[in-house]
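A closer look at the structure
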Amino acid sequence: MTDIVDAQTRSAMMSGIRGKDTKPEILVRRFLHRSGFRFRLHHKDLPGRPDIVLPRYRTVVEVRGCFWHRHENCPFAYMPKSNRAFWQAKLEGNRARDLRNLQKLRELGWKTIEVWECELADDQILESLPALIRTDRDLPASRLPT
Ligand SMILES: [Zn+2]
């Protein structure tokens, strides 16, 4: 491993490898729970097993690692210099799969919110979540309360 990736890449990789229950996800979960939201985790029956599912608001929140999920214009979403073709295929594949799953969720009438790891450096994104979750703005007309 040592000669394949540099330290910065490896640390980004490690944070992605843990997958479930990564620290940024726990941060978001704790905040939502404290704010009174109730949710399910890694819902198996929904496309992409979304991290956080809030059935009452028909909303899913995905907490994304910037490196693995290719946060656009983000310094953490750099491309490793060695094995470039491998990484490019792998990482772009990850993102393509994310986008397909988000699209499927929206077609099923779910509102989708992506939270990026780097955004959690300050509390602003967390503080904006309750309003984003409660709004019906992005829901298809058929899902709006009558
Ligand atoms: Zn980022």
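Residues numbered from 1 in each chain as written. Predicted model: local features only at pLDDT ≥ 70, side-chain atom pairs only at ≥ 80, totals over all residues. Heavy atoms only, no water.

This part takes up the packing of aromatic side chains. The final tally for this structure, using the stated rule, is six aromatic pairs. Ring plane angle 65° and centroid distance 5.6 Å describe the contact between phenylalanine 37 and tyrosine 57, whose orientation is recorded as edge-to-face. Of this pair, phenylalanine 37 sits in the loop between helix H2 (23-34) and strand S1 (40-41) while tyrosine 57 sits in the loop between strand S2 (52-54) and strand S3 (59-64), placing them 20 residues apart in sequence. Residue phenylalanine 37 is classed as buried on the basis of its relative accessible area, which comes to 2%. An aromatic cluster of at least three residues, connected via ring pairs, comprises Phe67, Trp68, Tyr78, Phe86 and Trp87. (Phe/Tyr/Trp six-rings, centres within 6.5 Å; stacked < 30°, edge-to-face > 60°. Helix = DSSP H or I, 4+ residues; strand = E, 2+ residues; numbered from the N terminus. Buried < 20%, exposed > 50% of the residue type's maximum accessible area, 1.4 Å probe, protein only.)

Here we take up the side chain of arginine 70. Along the chain, arginine 70 turns up in the loop between helix H3 (66-69) and helix H4 (84-107). Setting aside its immediate chain neighbours within four residues, arginine 70 contacts Gly65, Ala77, Tyr78, Met79, Leu91, Arg95 and Trp116. (Contact = heavy atoms within 4.5 Å.)

Reading across from one edge, S1-S2-S3-S4 is the order of the four strands in this open sheet, with mixed pairing throughout. Two strands in the sheet have a free side with no partner beyond their single neighbour: S1 and strand S4 (111-116). Both S2 and S3 contribute to a ladder of three bridges, which runs antiparallel. Paired with leucine 54 across the bridge in S3 is threonine 59. On top of the sheet, H2 reaches S1, S2, S3 and S4; it is set at about 145° to S3, its chief contact. Sitting on the sheet, H4 is in contact with S3 and S4, with an inclination near 150° to S4. (Pairing = 2+ DSSP bridges. Axes fitted to C-alpha atoms, helices over the stretch in contact; angles between N-to-C directions.)

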